[in-house]
Amino acid sequence: MNNNLYEHGTLAMLMAGKLSGTITLAELLKHGEHGIGTLDGLDGEVIILDNEVYQADETGTVNRITDMDATLPFASVHHAMNETTLTLPKADFNILNDTIVKEHNFKNVFVATRFHGVFEAVKVRVAPKQTRPYPGLLEIASNQPIFEKQNVSGTVIGYFAPELFGTVTAGGWHLHFLSDDRQFGGHLLDFVGTNLTGTYQIFDSLEQHFPVSDPEFRAYDIDLASLQADIQAAEGH
Ligand SMILES: [Zn+2]
């Protein structure tokens, strides 16, 4: 096993409305037992913990996904290894961005993190399933269900990516949340937690996998001029 981040699909592709699932869960899980993603048609937020796959859907329900033929347009997974303990006496996005990224010098590397504890507040959004013809992510982002919960114990899992790669994947933090009772989850927009503990893992390399046999992927056009601004508008938390 290599200490790499395996990513299927690209953020630019989602921005362009290329949302059909192009990798099966069975194939994805060969490349990592932890990760995040979304299902075919941008159907919810996927959280993968120790090979168990969950989907937070647009109704606010969390579903366990056991159909290994389910497909995803976009996902990031990794094998846990070389992990360093992470202790967060207090945590929110400001602390992750200002303290953690700087203290650990993350800015130019891909990093996985997973941390657990009781969260005073968690705010998530969930991508609503789209039907063809698929709109781009920017259009979808303006109309996504948001869910909030207080005093919830759970796990945050996801990645930090250098800004340089911010059109291939989300630059900065991209984190998902799943409660311990597996009833609440989604793409993390905001949170406050104290005495959280977990790990981080700095990757040696990024393995970017493309849906090469998908004719739509081969044909789609990128509007490079507006891409970064659109991603900021769609993905900023
Ligand atoms: Zn997400």
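Under an unreviewed UniProt entry, the name given to the protein chain is Alpha-acetolactate decarboxylase, and the organism recorded is Periweissella beninensis. Taken directly from UniProt, the Catalytic activity (unreviewed entry) text for the protein chain runs: "(2S)-2-acetolactate + H(+) = (R)-acetoin + CO2".

Caption draft 1: Expanded view of the sheet that holds strand 1 (residues 4-8). Pairing in this open sheet of seven strands is mixed, and the strands run 6-5-4-3-8-1-14 from one edge to the other. The sheet is open, and its two borders are formed by strand 6 (62-65) and strand 14 (205-209), each paired with just one other strand. Here the strands of the sheet are splayed against their neighbours by 20° on average, with no regard to which way each runs. Alignment of strand 1 against strand 14, held across five bridges, turns out to be parallel. By the bridge assignment for strand 14, L5 is matched with L206.

Caption draft 2: Region of the structure containing the nonpolar core. Counting 24 residues, the largest nonpolar core has F115, F119, W173, F177, L188 and F191 as the members making the most contacts within it. Elements with a minimum of two residues in this core: strand 9 (84-91), helix 3 (93-103), strand 10 (111-125), strand 11 (146-161), strand 12 (172-179) and strand 13 (185-202). Here the element with the most residues in this core is strand 10; it accounts for five residues. Leaving out residues up to four positions away in the same chain, F115 has contacts with L86, L88, L96, G154, T155, V156, F191, L196, T197 and G198.

Caption draft 3: Up close: empty space enclosed by the protein. Counted under the stated rule, the structure contains two cavities of 30 Å³ or more. Here the largest cavity defines a volume of roughly 170 Å³. Lining the largest cavity are 18 residues, with L14, L42, E45, R125 and E235 sitting closest to its centre. Put simply, the parts of the chain that give the lining of the largest cavity at least two residues each are helix 1 (11-15), strand 3 (34-39), helix 4 (137-141), strand 12 and helix 6 (224-235). Among the residues making up the lining of the largest cavity, the classes are represented as nine nonpolar, six polar and three charged. Here the second largest cavity defines a volume of roughly 60 Å³. If you go around the second largest cavity, the residues you meet are L5, E7, I36, S76, F110, Y159, F160, A161, T169, A170 and H174. Elements with a minimum of two residues in the lining of the second largest cavity: strand 1 and strand 11.

Caption draft 4: The arrangement of helix 6 in detail. With 12 residues, helix 6 ought to run about 16 Å at 1.5 Å a step, and its terminal C-alpha atoms sit 16 Å apart, in line with that. Among the residues of helix 6, L227, I231, A234 and E235 are the ones counted as buried. The arc enclosing the buried residues of helix 6, seen along the axis, measures out at 75°, which places them on a common side. Exposed residues on helix 6 whose side chains face more than 90 degrees from its buried face are A225, A229, Q232 and A233.

What counts and how
- Residues numbered from 1 in each chain as written.
- Predicted model: local features only at pLDDT ≥ 70, side-chain atom pairs only at ≥ 80, totals over all residues.
- Heavy atoms only, no water.
- UniProt positions renumbered as here; feature names shortened; annotations may be inferred.
- Pairing = 2+ DSSP bridges.
- Helix = DSSP H or I, 4+ residues; strand = E, 2+ residues; numbered from the N terminus.
- Axes fitted to C-alpha atoms, helices over the stretch in contact; angles between N-to-C directions.
- Core = buried A, V, L, I, M, F, W, Y, C linked by side-chain atoms within 4.5 Å.
- Buried < 20%, exposed > 50% of the residue type's maximum accessible area, 1.4 Å probe, protein only.
- Contact = heavy atoms within 4.5 Å.
- 1 Å grid on protein atoms, 1.4 Å probe; cavity = no way out; pocket = protein on both sides within 12 Å on 5 of 7 lines; lining within 4 Å.
- Points joined across faces, edges and corners; volume = space filled by probe spheres on them.
- Nonpolar A, V, L, I, M, F, W, Y, C, P; charged D, E, K, R; others polar.
- Expected span 1.5 Å × (residues − 1).
- Arc of directions from axis to C-beta.

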